[in-house]
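What the coordinates show
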Amino acid sequence: MLTRNSSAAFFAASCAVGTVVLIVCFVPLVVIAGCCARIKLAFTNGLAISSRAGRDKLYQVLLEQNGMESKDVSVKVTVSGREYTISLRYACCKDQDDTKPPLLFLPGSYASSAPFLAASAILSAHFRVYILDLPGWGVSDDLPFHKFSVEDLISCHVDVTQQFLQVMKLPKAVIAAHSLAGFFAVHHAHQYAAQVEQLILINPAGLLPLLGDSTAYWSFLFKTGVHNYLLRSLSFFILPALQGFSGMGESALFQTSLLCSRLSGVHILSKLISWNLTHTCWKVPCIDMLCSLTVETVLIYGSADTLLPVHQGCVASALTEGQLKCYGVADAGHGPHGAEPELFVRTLLHGIQNTTAPGKHYKRDAIGGVQLSRYHACFDCNFTRGLILDMYRTILNETCTFQELRGKYELDVRNMQGAHLKSEAVNRA
């Protein structure tokens, strides 16, 4: 059994001091780089991107480039007995073919529909695509999330998804959810299995108590919301510094996502994450619910993501005897749909053709032996990786190294890339 390094607290304090020093030295360079990036984009697009009108104009440009349009829909959501009427923004393809099966994308936190536009344009050859901005993100209305309990947050997002399907008269749809939205989508599929044709989880959050190698650092930001206020106040001045950090994907994609987002749902993550100086964890992991689903489900990860890494999917797959398929998009970070849209589409189509319902194969006794409550991540990356290995070994009762564990998915990725898919859109890509 693994034990926490006795120097974890000292290491955490050292990281805090180092972070302060880094900020003092690095911020001036970031500001200069940000100014250059802002000026370049301003001249390139002819937009005052820092303004709301400029962001909306940029969003319209992106929609036009991908042959899509945005619309608003009003829904009623009930939380703890109180009813809220909110307006939701969604994007869809122009002149949609109603004979095609519906596919609903749910963007994750700090994102709008913008990063999904390129992939959706390709997928429109096969699906009637919708991309919904969840409350507090994109251009959709806010809700008083700071007043909600964890249970309220979950029921609210489940209700929003279901209300949207009903208003749009979609009795059944393929739902593809990214990051935080993936956590809520698992709860929705559990409650409304009959309305979910298939469930695609893209770098889903909340499967396990621990996240990836960079979990403690990102959890501090998510818990405090510091980066939210910095992004609001500094906008393009700080965004270029995020390029490639923690596998979050290309800077241009991340910038576009944030500029087309309200950035007002920060209270959601702060309620779902526990953080202190020695460890951090996701309060209400949904691994048991995921593996119990009767809905056909597949996991897709960016192979370079260190926030929600692909080996989290390895644990879920092991718990279902490999029936819960997991695929990695090579060289993509936390947003494979935006960083590598063509390869992401290939992966999604391949996954849809090979999905199974994990519930029939769930090794429930194994998860009981894992004792999830003790799996808290800390600032030591080796300790976090050790926990993943310990969990995997406990489930399968076999030994392997961390490199061998990742190799299982790298092999699947190579096989997936070589698969021949009968798709005109993919062949054109």
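Structural notes, computed from the coordinates. Since the model is a prediction, treat every value here as computed from it, not as a measurement. (Residues numbered from 1 in each chain as written. Predicted model: local features only at pLDDT ≥ 70, side-chain atom pairs only at ≥ 80, totals over all residues. Heavy atoms only, no water.)

**Some points on the nonpolar core**
Quick reminder of the rule: Among buried residues, those of type Ala, Val, Leu, Ile, Met, Phe, Trp, Tyr and Cys that are joined through side-chain atoms within 4.5 Å constitute a nonpolar core. For every residue, the accessible area (1.4 Å probe, protein chains only) is compared with the maximum for its type, and the residue is labelled buried under 20%, exposed over 50%, or partly exposed between those bounds. Numbering of helices and strands starts at the N terminus; helices are DSSP runs of H or I of at least 4 residues and strands are runs of E of at least 2. Note on contacts: a residue pair qualifies if any of its non-hydrogen atoms lie within 4.5 Å across the two residues.
Leu199 and Leu290 are the most contacted members of the largest nonpolar core, which has 70 residues in total. In terms of residue count, the dominant contributor to this core is helix α4 (residues 150-167) (eight residues). Contact partners of leucine 290, with chain neighbours within four places excluded, come to Val186, Leu201, Leu207, Thr297, Leu299, Ala316, Leu324 and Pro358. Among the nonpolar cores identified, the runner-up in size contains 33 residues, and Leu103, Ala119, Leu123 and Ile131 belong to it.

**Considerations on helix α13 (residues 341-353)**
Given 3.6 residues to a turn, an α-helix orients residues that are three or four positions apart in the same direction. Note the threshold: A helix is expected to span 1.5 Å for every residue after the first.
For α13, which comprises 13 residues, the first-to-last C-alpha distance of 18 Å matches the rise-based estimate of 18 Å (1.5 Å per residue) to within 8%. Here α13 lies mainly inside the structure; ten of its 13 residues are buried. Every buried residue of α13 is listed here: Pro341, Leu343, Phe344, Val345, Thr347, Leu348, Leu349, His350, Gly351 and Ile352.

**Things to note about the environment of glutamine 312**
One can find glutamine 312 in helix α11 (residues 310-319). Note: C-alpha distance between glutamine 312 and leucine 208 (104 residues apart in sequence) is 7.4 Å.

**What about the pattern of salt bridges?**
Once their charged atoms are close, side chains differing in charge can pair, the charge on each being opposite to the other. Condition: Between Lys or Arg on one side and Asp or Glu on the other, a salt bridge is scored when a side-chain nitrogen of the former is within 4 Å of a carboxyl oxygen of the latter.
Counted under the stated rule, the structure contains four salt bridges. Between arginine 89 and aspartate 72 there is a salt bridge whose closest N-O contact spans 2.5 Å. Taken as a pair, arginine 89 in strand β2 (residues 82-93) and aspartate 72 in strand β1 (residues 68-79) lie far apart in primary sequence, 17 residues in all. You can call arginine 89 buried: its relative accessible area is 15%. Classification of aspartate 72 by relative accessible area gives partly exposed; the value is 48%.

**Some thoughts on the sheet that holds strand β9 (residues 296-302)**
Quick note on the threshold: Whether two strands pair depends on DSSP finding at least two bridges between them. Only the contacting stretch of a helix is used when fitting its axis, a line to C-alpha atoms as for every element, and angles between N-to-C directions run 0 to 180 degrees.
Pairing in this open sheet of eight strands is mixed, and the strands run β1-β2-β4-β3-β5-β6-β9-β10 from one edge to the other. This sheet does not close on itself; its edge strands, each paired only once, are β1 and β10 (325-329). Going from strand to strand, the sheet's axes swing by 25° on average, the running direction of each strand aside. Across five bridges, the pairing between β9 and β10 is parallel. Paired with glycine 302 across the strands is valine 329, a residue of β10. Along the sheet face, α4 touches β1, β2, β3 (102-106), β4 (128-132) and β5 (173-178) and points at about 125° away from the line of β1. In this fold α11 packs onto β9 and β10, with an angle of close to 155° to the strand it touches most, β9.

**With respect to the state of the cysteines**
Here is the rule: Put simply, a disulfide is two cysteine sulfurs that come within 2.5 Å.
Under the definition given, this model contains zero disulfides. We note that cysteine 92 lacks a disulfide partner, and the nearest cysteine sulfur, in cysteine 93, lies 7.1 Å from it. Residue classification places cysteine 92 among the buried positions, given a relative accessible area of 3%. For cysteine 93, a relative accessible area of 7% translates into the label buried.

**A short note on the side chain of serine 140**
Threshold: N or O atoms within 3.5 Å of each other form a polar contact, as long as, within protein, one can give a hydrogen and the other can take it, and as long as residues adjacent in sequence are counted only when both atoms are side-chain atoms.
Within the fold, serine 140 resides in the loop between β4 and α4. On the basis of relative accessibility, which here comes to 0%, the residue serine 140 falls in the buried class. A distance of 2.9 Å separates the side chain of serine 140 from the backbone nitrogen of arginine 89, its partner in a polar contact. In this structure the side chain of serine 140 is engaged in a polar contact, spanning 2.4 Å, whose partner is the backbone oxygen of aspartate 133.

**With respect to the pairing of strand β6 (residues 196-202)**
Put simply, the test is: Note on handedness: a crossover is taken as right-handed if, strands pointing away from the viewer, the path from the first strand over the helix to the second is clockwise.
Summarising burial for β6: six of the seven residues are buried, a large majority. By the bridge criterion, six bridges tie β5 to β6 in an arrangement that is parallel. Directly across from alanine 176, in β6, lies its bridge partner isoleucine 200. In this view, the connection linking β5 to its parallel neighbour β6 by way of helix α5 (residues 180-191) has right-handed handedness. Bridge analysis of β6 against β9 gives five bridges, and the strand direction is parallel. Considered in β9, the bridge of leucine 199 is made with threonine 297.

**Focus on α11**
α11 sits mainly inside the fold: ten of its ten residues count as buried. Directly beyond the C-terminal end of α11, a positive phi value near 55° is found at glutamate 321.

**Comments concerning the environment of valine 79**
Along the polypeptide, valine 79 turns up in strand β1. With 72 residues separating them in the primary sequence, valine 79 and glutamate 151 have C-alpha atoms 9.5 Å apart. Apart from the residues lying within four places of it in its own chain, the contact partners of valine 79 are Tyr84, Phe148, Asp152 and Cys156.

**Topic: the pairing of β9**
Here β9 lies mainly inside the structure; six of its seven residues are buried. Running through α11, the crossover from β9 to the neighbouring parallel element β10 is right-handed.

**Quick notes on the packing of aromatic side chains**
Here is the rule: Note on aromatic contacts: the rings of Phe and Tyr and the six-membered ring of Trp form a pair at centre separations within 6.5 Å, being stacked when their planes are under 30 degrees apart, edge-to-face when over 60 apart, and tilted otherwise.
On inspection of all chains with the given rule, the structure shows nine aromatic pairs. Residues tyrosine 90 and tyrosine 130 carry aromatic rings whose centres are separated by 6.1 Å and whose planes lie at 50° to one another, so their mutual orientation is tilted. Highlighted residues: tyrosine 90 in strand β2 and tyrosine 130 in strand β4, separated in sequence by 40 residues. Overall, the relative accessible area of 6% leaves tyrosine 90 in the buried class. When the centroid spacing of 6.4 Å and the interplanar angle of 75° are considered together, the rings of tyrosine 130 and phenylalanine 164 count as edge-to-face. Taken together, the residues span a long stretch of sequence, with tyrosine 130 in strand β4 and phenylalanine 164 in helix α4 at a distance of 34 residues.

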